[in-house]
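Understanding the architecture of this molecule
So the chains spell out like this:
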Amino acid sequence: MKRIALVLFATVSMMANAQTLQEKQIPQINVSGEGKVYVTPDEAVITIGVENTGSDANDVKKKNDAAIDAIIKYLKGAKVPEKDYQTKRVSLNRNYDYDKKKYSFVASQQIVIHLKDLSKYDALMMGVVDAGANNINGVEFRTSKQAQYDSEARVLAIANAKKKAGDYAGALGQAVGKALLVTDNTQTYYPVPMMRAEFKTMADGAPMETLAVGEIVVTANVNISYELK
């Protein structure tokens, strides 16, 4: 009898707890919000490279080293802070030409430059090319006020989510209450780099514009659960 009584007591207690949890469930609505801030970039991350090919590994490496040395000296002379440029990749590969039945060697190295003044872009690009860079691997535009625009985008995302919740709740004849859960779904994104810059001169000798800055978009995404009243 005691065992039966204990089992019955436990079962009743579990049912009572389940009913209590159901009674405590809060009616809610879950919405997503997006905020976008359009910004004219004022900085660029430029990836340049030097590549040499030849039949002698030591020779191609020496040519690469000499070009890299000249580029670094140019950057120092152009007053680019040392913290704003860095070697990214160095390689020396052996390739076999099946048609000519002989080996060749390819030496390459990349340098990433953080240019914080876009007005110096054309001069810098011509300078590194003259110094020996034979690859311009990409240009990625950025803003020096990223944290500020991130914050503005988050505020816009919250406002967008709240507006959606209000629309849905109004259509249901209800009102939006306090936020119950906020999830940041933002992913850091930078535009796809502009590849292979060209350097030309107009017929009258005036330099052509080689940079179209455009705009970058700073985006924030949020998911919010609101109480429904």
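Structure report, in brief. (Residues numbered from 1 in each chain as written. Predicted model: local features only at pLDDT ≥ 70, side-chain atom pairs only at ≥ 80, totals over all residues. Heavy atoms only, no water.)

**Digging into the pairing of strand β7 (residues 216-228)**
The pairing of strand β1 (residues 28-39) with β7 spans 12 bridges and is classified as antiparallel. What sits directly across from Gln28, in β7, is Glu227. Here strand β6 (residues 176-184) pairs with β7 via 6 bridges, running antiparallel. Residue pairing in the sheet places Val176 in a bridge with Leu228 of β7. (Pairing = 2+ DSSP bridges. Helix = DSSP H or I, 4+ residues; strand = E, 2+ residues; numbered from the N terminus.)

**Considering the sheet that holds strand β5 (residues 135-142)**
Spatially, β3-β4-β2-β5 is the arrangement adopted by the 4 strands of the open sheet, whose pairing is antiparallel. This sheet does not close on itself; its edge strands, each paired only once, are β3 (85-97) and β5. When strand polarity is set aside, the average angle formed by the axes of neighbouring strands in this sheet is 15°. Pairing analysis gives 12 bridges linking β3 to strand β4 (residues 102-115), with the strands arranged antiparallel. For Arg94, the partnering residue across the bridge sits in β4 and is Phe105. (Axes fitted to C-alpha atoms, helices over the stretch in contact; angles between N-to-C directions.)

**Describing the sheet that holds β1**
Taken in spatial order, the 3 strands make up an open sheet running β1-β7-β6, and their pairing is antiparallel. What marks the edges here is a single partner per strand, and that holds for β1 and β6. Strand-to-strand twist of the sheet, defined as the mean angle between neighbouring strand axes without regard to direction, takes the value 30°. Those strands touched by helix α4 (residues 146-171) are β1, β6 and β7, and its axis lies near 145° from that of β1. (Contact = heavy atoms within 4.5 Å.)

**Topic: the packing of aromatic side chains**
Counting across every chain of the model gives 2 aromatic pairs. Note on Tyr96 and Tyr98: the rings are 4.8 Å apart at their centroids and 85° apart in plane angle, and the pair reads as edge-to-face. The exposure class assigned to Tyr96 is partly exposed, which follows from its relative accessible area of 34%. Relative accessible area serves as the criterion here: at 68%, Tyr98 is assigned to the exposed category. What links up through ring pairs into an aromatic cluster is the set Tyr96, Tyr98 and Tyr103. Over the face of the ring belonging to Tyr103 we find Arg94, whose NZ or CZ atom lies 4.2 Å from the ring centre. (Phe/Tyr/Trp six-rings, centres within 6.5 Å; stacked < 30°, edge-to-face > 60°. Buried < 20%, exposed > 50% of the residue type's maximum accessible area, 1.4 Å probe, protein only. Lys NZ or Arg CZ within 6 Å of the ring centre and 35° of its normal.)

**Section: the nonpolar core**
Core analysis: the largest hydrophobic core is formed by 40 residues, its most contacted members being Ile46, Ile48, Ile71, Leu75 and Ile113. Broken down by secondary-structure element, the contributors of at least two residues to this core are β1, β2 (43-54), α2 (57-77), β4, α3 (121-131), β5, α4 and β7. When residues in this core are grouped by element, the largest group, 7 residues, is from β7. Excluding its chain neighbours within four sequence positions, the residues that come into contact with Ile48 are Ile71, Gln109, Gln110, Ile111, Ile113, Val128, Ala133, Asn135, Ile136 and Asn137. (Core = buried A, V, L, I, M, F, W, Y, C linked by side-chain atoms within 4.5 Å.)

**Some remarks on α3**
For α3, the set of buried residues is Tyr121, Leu124, Met125, Gly127, Val128 and Ala131. Each buried residue of α3 lies within a common arc of 160° when the element is viewed along its axis, so the set occupies one face. Away from its buried face by more than 90 degrees, α3 exposes Ala123 and Asp130. Where α3 is buried, its residues contact β2, α2, β4 and β5. Immediately beyond the C-terminal end of α3, within one or two residues, lies Gly132, with a positive phi of roughly 135°. (Arc of directions from axis to C-beta.)

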